[in-house]
Structure formats: structure tokens, C-alpha cells
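Here is what each chain is made of, one letter per residue.
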Amino acid sequence: MTLNRILPAFVALSLALPATAQDPLTGDPALQARLDDLIEEIDLAVQADAKRTQVIVDKLFSFSELGFHEFETAAYLGNMLESEGFEVEQGVAGIPTAWFATWGAGRPVITFGSDVDGIPKANQRPGVSYHDPIVEGAPGHGEGHNSGQAVNVVAALALKKIMERENIPGTLVLWPGVAEELVASKAWFVRDGLFDEVDAALFTHVSSNLSVTWGQASGTGLVSVEYSFAGQSAHGAGSPWRGRSALDAVELMNTGWNFRREHLQPNQRSHYVIKDGGDQPNVVPSTASVWYYIREMDQEDIQRNFDIATRIAEGAAMMTDTEMSYRILGTAYPRHFNRPIAEAMGTHIEAVGMPEWTEDDHMLAEAVQREMGSVPSGLSTSVSGVSGPPSRRSSGGSDDIGDIAWTVPTITLRFPSNIRGLPGHHWSSAVAMATPIAHKGAVAGARVMARTALEMFVKPELITDAWDYFENEQGASHTYTPFISADDPAPIELNTDIMQRFKPLLEPYYYDETRFDTYLEQLGVTYPTVTPPSGN
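A. Structural view of the nonpolar core. Formed by 163 residues in total, the largest nonpolar core has its most connected members in F86, F112, L174, Y227, F229, M253 and L454. Top contributing element to this core by residue count: helix α12 (residues 436-458), with 13 residues. What F112 contacts, discounting residues up to four positions off in sequence, is N152, A155, A156, L159, L172, V173, L174, W175, L202, M449 and A453.

B. Quick look at the environment of V128. Looking at where V128 falls in the secondary structure, it is placed in the loop between β3 (109-115) and α5 (148-166). The exposure class of V128 is buried, given its relative accessible area of 2%. In sequence terms V128 and T529 are 401 residues apart; their C-alpha atoms lie 4.7 Å from each other. If sequence neighbours within four positions are ignored, V128 has contacts with L364, V431, V525 and T529.

C. Structural view of unusual backbone geometry. A cis amide bond links R107 with the next residue in sequence, P108, at an omega value of 5°. The residue P108 is located in the loop between β2 (99-105) and β3 in this model. Cis geometry is found at the peptide bond from Y527 to P528, where omega equals -10°. Although it is not a glycine, A179 adopts a positive phi angle of roughly 50°.

D. Layout of empty space enclosed by the protein. In the structure shown here, the tally under the stated rule is two cavities of 30 Å³ or more. Every residue along the wall of the largest cavity is listed here: F61, S62, S64, N123, Q124, I134, G140, H141, L506, Y509 and Y519. Its residues placed into classes, the lining of the largest cavity shows five nonpolar, six polar and no charged. There is about 30 Å³ of room inside the second largest cavity. Together, S114, D115, G144, H145, S147, G148, T204, H205, V206 and F415 line the second largest cavity. Contributing elements (two or more residues each) for the lining of the second largest cavity: β3 and β5 (200-207). Its residues assigned to classes, the lining of the second largest cavity comprises two nonpolar, seven polar and one charged.

E. Region of interest: the packing of helix α2 (residues 29-48) against α12. Where α2 contacts α12, the axes come no closer than 9 Å and their chain directions differ by 150°. Between α2 and α12, the interaxial angle falls into the category roughly antiparallel. Judged by the twist between their axes, the crossing of α2 over α12 is right-handed. Residue-level contacts link L35, L38, I39, I42, D43, V46 and Q47 of α2 to V443, A446, R447, A450, R451, L454, E455 and V458 of α12. Taken together, the residues of the contact of α2 with α12 break down into 10 nonpolar, one polar and four charged.

F. Summary view of the packing of aromatic side chains. With the rule as written, the count across this model stands at 21 aromatic pairs. With a centroid separation of 6.1 Å and an interplanar angle of 80°, the aromatic rings of W257 and Y292 are classed as edge-to-face. A residue pair is termed long-range when its members are at least 10 positions apart, and W257 in helix α7 (residues 246-260) and Y292 in strand β10 (residues 287-296) qualify at 35 residues. Using a relative accessible area of 0% as the deciding quantity, one classes Y292 as buried. An aromatic cluster is present here, built from Y227, W257, Y272, Y292, F306 and Y326 joined pairwise through their rings.

G. How the structure looks around the pairing of β3. Among the seven residues that make up β3, seven are buried, leaving the element largely enclosed by the rest of the structure. Here β3 shows a buried face lined by V109, T111, G113 and D115 and a second buried face lined by I110, F112 and S114. Two strands pair when backbone bridges link them, and β3 and strand β4 (residues 170-177) are joined in this way by seven bridges, in the parallel orientation. Its bridge partner being in β4, I110 is matched across the sheet by L172. Tracing the backbone out of β3, into α5 and back to the parallel element β4 gives a crossover that is right-handed. Two elements, β3 and β5, share five bridges in a ladder whose sense is parallel. Opposite F112, over in β5, you have L202 as the bridge partner.

Scoring rules and cut-offs
- Residues numbered from 1 in each chain as written.
- Predicted model: local features only at pLDDT ≥ 70, side-chain atom pairs only at ≥ 80, totals over all residues.
- Heavy atoms only, no water.
- Core = buried A, V, L, I, M, F, W, Y, C linked by side-chain atoms within 4.5 Å.
- Buried < 20%, exposed > 50% of the residue type's maximum accessible area, 1.4 Å probe, protein only.
- Helix = DSSP H or I, 4+ residues; strand = E, 2+ residues; numbered from the N terminus.
- Contact = heavy atoms within 4.5 Å.
- 1 Å grid on protein atoms, 1.4 Å probe; cavity = no way out; pocket = protein on both sides within 12 Å on 5 of 7 lines; lining within 4 Å.
- Points joined across faces, edges and corners; volume = space filled by probe spheres on them.
- Nonpolar A, V, L, I, M, F, W, Y, C, P; charged D, E, K, R; others polar.
- Axes fitted to C-alpha atoms, helices over the stretch in contact; angles between N-to-C directions.
- Parallel < 35°, antiparallel > 145°, perpendicular 65-115°, else oblique.
- Left-handed = near helix turned anticlockwise from the far one by under 90°.
- Phe/Tyr/Trp six-rings, centres within 6.5 Å; stacked < 30°, edge-to-face > 60°.
- Pairing = 2+ DSSP bridges.
- Right-handed = clockwise from strand over helix to strand, strands pointing away.

Honestly, that's just the spatial picture; any functional story needs more than this.
Dropping the structure here:
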């Protein structure tokens, strides 16, 4: 990354200033004052667009789409961005619901990304503190992925207006984290070159606070893999000796893995579900499959455990005289975030601060916390801000933003649209996600994104410093080694049966912003609703 690729942006901003302010690297007070004015202007523009933020948050919440089936989300956001002058390419990386929306020209190229998929069986009426699904058993936004694109779109539109008026060169790209709950898109984006010309990636994720981190993050990376076994069917009572049970192989593999857990590093996490266990008990299963998430904290440890699991699967096939094959369904690289960008963003987090919560907001939060057995502490009121790597990393969840973070300088802004102290991947994490809590948290996030990105577009040294950290500190002792090959297709068939069943039931509840001010109004929810109706 060389300075002359991005210098023109800073020079363009300085054209209207006196000659003494023309040097982009001197930190001239006049130039900084001009930038400060623009940052204040963009902040106010985002706040003035709060209605758009609310509508996007509520609209995506109502779609309740699982990974690889975010079709309504893709069409809605794609049409909106096209109408605002972005060029939208649909179906990137062989994934029908993936898109890249581009505006501008030249460098730097900065991307805004955020996840969009929901959680199975997490459907929930917003603003209601107890379990009250809109459609029983349906998917829902039980993590809050309906909010991040509102942050990014509103920030991007405010940024675009200022860049156009001030003739600031640069390219802005928006994209969705498709199927993040399956960790099954971002490694494919990287593999197919979608980030080859990108200078920095700003990612957003819902949280209960306003924060950003740099360095090696806690949590894990993972390989998502399906092991399949093929045997021979036979009558389960008449001639079972003529069968070779693929289900036996699955069960033996699971038994072997469960015994092996004792002898793996304590930070590993692994889980499985049997996807195919046969058809009926009196037929020896000729096919069976089991789907594993194999997690560890470093790439080498993930690969080692993946290899162990594959050897156990081979052993299970040998014991049952079946054939074994496997397919990678997703990957998430351990995350490492960029220090210079995070520290720049931290300044804007402190300037924006937390939203002003009302008594009703706190009431809902405390009611959900009590419902989940957590301490009823309400909503966070002070920002977490910027922080470096933990003194001791801990295990936990994964996010495939790690694959992008090892490709270009990347940070994740966490914004306060949800309630702390909840179990996650659960209906309770959908309660706040189409309420004033989510709306105000998303506005705060959009303010931080717009302010930070504007600074990055007009300060070339920030991009240069980001790449220096990326290449000479982050990359000093590790080289990105992807888990997927050029031949691994994205598993776009996943979740098809679930969405075919539930989408027709969800469609009558899609948010109609032309008739209702908010989704709460459309659903007839009194905010907040914290007491179940009598008789429930």
C-alpha cells in the first residue's frame, strides 16, 4: 500500500484552503478545522435521517430470513442503493443473496459490511419481554442482524453527499454478511477476489454497547464440515446381516469424538447435529451424515482438530464397512483487527456516546433480563470505547469476518441496539430488535461509521498506517491460510426446507412502512409489554 494511491483525496479537500494548508501531512490547523466542520455536518445528517434508520431496522426484522435465503433483504437494500446512485451487483461469489454495491471512483476503496441472516426458531414479537412468537417455530432475528445494514446504509448516504459536494475522491462499497450463522460467505468473498482492490473494511455488528477493538481477538475460528457415510440397506429384522449401517458409522464417529474431547486443548469448542439418520427403523440406513462445527483459537489448532475429526470419521467407516466423504460448509478465521483504524474510530465513539434511553427502554431491558434469569441491570449508559487485545484470550464464538480481517485492514464497530446479559441465538435477543432500543442504537452506530469513514477518506496517512500495522505487526508472524479451496462451492442449499415452510407464513407480517409508522404499530404492540396476558 503506497501513499500516492490515496493522496488525492486529502489534496482535494484542501483545494479551498489557503496555500499554507495545502500539505496533507503537516497536520495544518486550518485543514483540521475544515475536517472538523465536515465531521460535525455528517454527524447531524445521520441524526436527521433517523427515520430511514428505523424503517430499515424494522423492515429487515420482519423478513426473518435464514442464511442463503435473504432474498427479500437483498432486493429491498439493493433497490434502495440503486435509487441512491450505487451500482449493485447481485449474486456475487456464486451466492444468490450476496451483493456488492459500489459508488465513487479512485482510492481509497473502503467497504461497509454487516450480517443480515436470522436464527432458526427465534421468532419473537418485538417489544414483548416474554416469549411471544409472531409465527410459532419460525426463524427470527435472535441475534439482531437486522440492524447493521441500517447503520451502514444511512452512514454511506450521508458520506456520499459530502464527498460529491466536496469533490473528495474515493470508492465506497457496501455488502452483506450472508449466512453468517453458517459462517459460509466471507471466505468465499475473499477467495473470489472481491477484496483484492479494497484498502480498508469497516464492519458493524449489533451489541449492547458502543465499542471497537484491535489486535488478536478473543473467541475462536472454526471449520464447519459435514461427514457423510454410505452403506448398504437391508431389512432391519429379516436380514440385518446383509446391511451396512451408515448410521452406525455416524454414531461411532460421534462416540469417538466425544471420548477424544478429554484430550484436546480446553479452549476448543465443538458441536454436531445429525442431518441424516435414515428413513425408518426397519430399514438399515444406507446413508447418514453428521454436521460438525470444530472450533479453536488459532488456525493451526483448528486444522489439527479438523484432521483428528477426519481420522475418527475414517475409523468409523472402517468399523462399519461403509464409505466416508466430507464437505466443508463454512469457515471462520480467528480474528485480528487493525489498531490505527480502531484508535481513530475510538475518538468518534467517545464523541458520539451512548443513546439517551427512556424509562420504557430500561423497563423492557430489565424485564427480559429477569425472564432469562439475569441480573436486571437495564441498558448500558457509558461507552466501552476502544480497547486492545485482552491480557489473556478466552474461547467462545466465531465470526467469518476474520477471513476479511486477514485480507485487508479491518475493524468491527459494535453498536448498542440490543440488551446485555442474554444467552444469544435465542428469541430473547430478538425482543429489542424492532424497538426504540434498536433504532437509537443503530443511529449511534451510523454516526460513528460516517465520522470515521470521512476521516479515512481525507487522511491518507490513516490508510497508510493501517497497512503498515497489517503487514508489519499483524502479518509479522502469521500468513493467512484459508480452509476452503478453489473447488469448494458455497452450500447455498442450506435452510431451503425451513424457509419453504415458513416464508409463506411470515409474508403477511412483513412491515409496511407506507401504512404504519413503526413495526410495533403494525403488530399492535404496546411498548413495552412486560406482563403476559392473564391465563398465559
